[in-house]
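An overview of the molecular structure
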Amino acid sequence: MIMQLFMQQLINGIALGSIYALVALGYTMVYGTIKLINFAHGDIYMVGAFFGYYLVSVLQMNVYLAMIVAMFFCAILGVVIERIAYKPLRNSTRVAALITAIGVSYLLQNSMIYFVGPEVKAFPSTVTNQIYRVFGLVINSKQILVFITTVIFMVLLQIIVKYTKMGKAMRAVAVDAEAAQLMGINVDRVISFTFALGSGLAGIAGVLVGVYYNSIIPTMGITYGLKAFVAAVVGGIGSIPGAMVGGYLIGLLETIVTFLGWSTYRDAAVYGLLIVILLVLPSGLFVKNVREKV
């Protein structure tokens, strides 16, 4: 019986980890390309959740179509933020860019509070939540939706990065932006594409959270954003497979801690894991052996 409950928590952890992984991909892609920790990324995910809420509740849009529209909306938002807030500071210190990212985060959060209020909003339950029993384990259709959607977009992202012309340009800019520019690569366009791709995935994750938990709040970007950042660091920030593995590790860790009856300390467990990883493997689980330029 205990083993069955434990396996049930693992299923719940995979669903939660899928959301963390999608958000973590945005962190790791931006950092891998321009070495910027975009702390506003969690709030882009929050905007995606509320935009999806508006599409579904007000415009009566199908939730799957709303997911795609929210993805494009957040992709555009990410590019606009990059062009207005980050591009002018590209040659400044990393601290200046980091402070700007924190400022953009609070701007998005407080703007959403101004327009919709600070209260929790009930996300319309438009997805029929069917229950499946497999070997005594309960799996619902929302968990399947979250997992399959995450896997599909992660595979598409890997294909884009590894096998497309833009993906090769992204990898070139990540290694040496100046050399890439000398080779004829439009660095500004590559960086904007990276922001669009990461922000789009965050938008999808926002809608998935609304569907899965049936509730959203303007401050949700802080919690999920920080944990997704931890997932990116644990997996190895700059590594796409690392972000995926880190997301699932964080999701599984939270559910296991809850299963053991320590739900009050699940956040502490996540940040404790971050400390351990930084002490043992400072570069994360998927370590890249690269030489630091001096």
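Residue positions are counted from 1 within each chain, in the order its sequence is given. Local features in this predicted model are restricted to residues of pLDDT 70 or higher, and side-chain atom pairs are both shown and tallied only at a pLDDT of 80 or more, whereas totals for entire chains, interfaces and linings draw on every residue. To obtain the side-chain values, all non-hydrogen atoms of the structure were included, while hydrogens and water were left out.

In this section: the UniProt feature "transmembrane region" (unreviewed entry) in the protein chain. UniProt positions are given in the numbering used here, feature names are shortened, and annotations may be inferred rather than shown by experiment. Under the UniProt annotation, "transmembrane region" (unreviewed entry) lies at residues 6–29, 36–56, 62–81, 93–116, 144–161, 190–213 and 268–287. Structurally, residues 6–29 comprises 100% helix and 0% strand, and the distance from its first C-alpha atom to its last is 33 Å. Strands here are runs of E lasting at least two residues and helices are runs of H or I lasting at least four, both read from the DSSP assignment and numbered beginning at the N terminus. Counting secondary structure, residues 62–81 comes out at 95% helix and 0% strand; the distance between its end C-alpha atoms is 28 Å.

Centres within 6.5 Å make a pair out of two Phe, Tyr or Trp rings, where for Trp the six-membered ring is used; the pair is then stacked when the planes are under 30 degrees apart, edge-to-face when over 60, and tilted otherwise. Within this structure, the stated rule accounts for 10 aromatic pairs. Consider the rings of Y212 and Y213, whose centres lie 4.8 Å apart with planes at 80 degrees: the pair is edge-to-face. Y212 gets classed as buried once you look at its relative accessible area, which sits at 16%. We call a residue buried when its accessible area falls under 20% of the maximum for its residue type, exposed when it is over 50%, and partly exposed in between, using a 1.4 Å probe and counting protein chains only. Residue classification places Y213 among the partly exposed residues on the basis of a relative accessible area of 37%. Over the ring of Y31 we find K35; its NZ or CZ atom is 5.9 Å from the centre of that ring. Lysine NZ or arginine CZ positioned within 6 Å of the ring centre and within 35 degrees of the ring normal marks a charge as sitting over the ring.

Moving on, we come to the pairing of strand β2 (residues 131–134). Being paired, for any two strands, means DSSP has found at least two bridges between them. Note that β2 and strand β3 (residues 137–140) share 4 bridges and pair antiparallel. Counterpart to V134 in the pairing with β3 is L137.

At K35, a position not held by glycine, the phi torsion is positive, near 60 degrees. Tracing the chain through its elements places K35 in the loop between α1 (2–34) and α2 (41–57). A positive phi is found at Q60, a non-glycine position, where the angle reads about 55 degrees. With respect to the helices, strands and loops of the structure, Q60 is situated in the loop between α2 and α3 (63–86). Its relative accessible area of 63% is what places Q60 among the exposed residues.

Moving on, we get to the packing of helix α6 (residues 165–175) against helix α8 (residues 187–213). Viewed as axis vectors pointing N to C, α6 and α8 meet at an angle of 105 degrees, and their least axial separation amounts to 10 Å. The orientation of α6 relative to α8 falls into the category roughly perpendicular. Contact with α6, carried on its side by M166, A169, M170 and V173, involves V187, R189, V190, F193 and T194 of α8 and no other residues of that element. Split by residue class, the contact of α6 with α8 holds 7 nonpolar, 1 polar and 1 charged. Between N-to-C directions, angles cover 0 to 180 degrees, with each direction set by a line fitted to C-alpha atoms, over the stretch in contact for helices. Note on terminology: angles under 35 degrees are roughly parallel, angles over 145 are roughly antiparallel, angles of 65 to 115 are roughly perpendicular, and the others are oblique. Contacts are residue-level and defined by heavy atoms, with any inter-residue pair within 4.5 Å sufficient. As a working rule, the residues Ala, Val, Leu, Ile, Met, Phe, Trp, Tyr, Cys and Pro are called nonpolar, Asp, Glu, Lys and Arg charged, and the rest polar, with Gly in that last group.

The subject of this paragraph is the packing of helix α9 (residues 220–235) against helix α11 (residues 266–280). α11 packs onto α9 with a crossing angle of 30 degrees between their chain directions and a minimal axis gap of 10 Å. One finds that α9 runs roughly parallel with respect to α11. In this structure, α9 meets α11 at a crossing whose hand is left-handed. Contact residues: α9 offers L226, K227, V230, V233 and V234, while α11 offers D267, V270, Y271, L273, L274, I277 and L278. Among the residues making up the contact of α9 with α11, the classes are represented as 10 nonpolar, no polar and 2 charged. Crossing chirality is assigned from the near helix's rotation relative to the far helix, an anticlockwise turn below a right angle marking it left-handed and a clockwise turn marking it right-handed.

A side-chain nitrogen of Lys or Arg and a carboxyl oxygen of Asp or Glu constitute a salt bridge if their distance falls within 4 Å. Under the counting rule described, the total for this entry stands at 6 salt bridges. In this structure, the salt-bridge partner of R90 is E82, at a minimum N-O distance of 2.4 Å. Classification of R90 by relative accessible area gives partly exposed; the value is 30%. Here D188 makes a salt bridge to K87, at a shortest N to O gap of 3.5 Å. With D188 in helix α8 and K87 in the loop between α3 and α4 (94–116), the pair connects residues that are 101 residues apart, well separated along the chain. By relative accessible area, which is 32% here, K87 ends up partly exposed. One network of salt bridges, with partners in common, ties together E82, R83, K87, R90 and D188.

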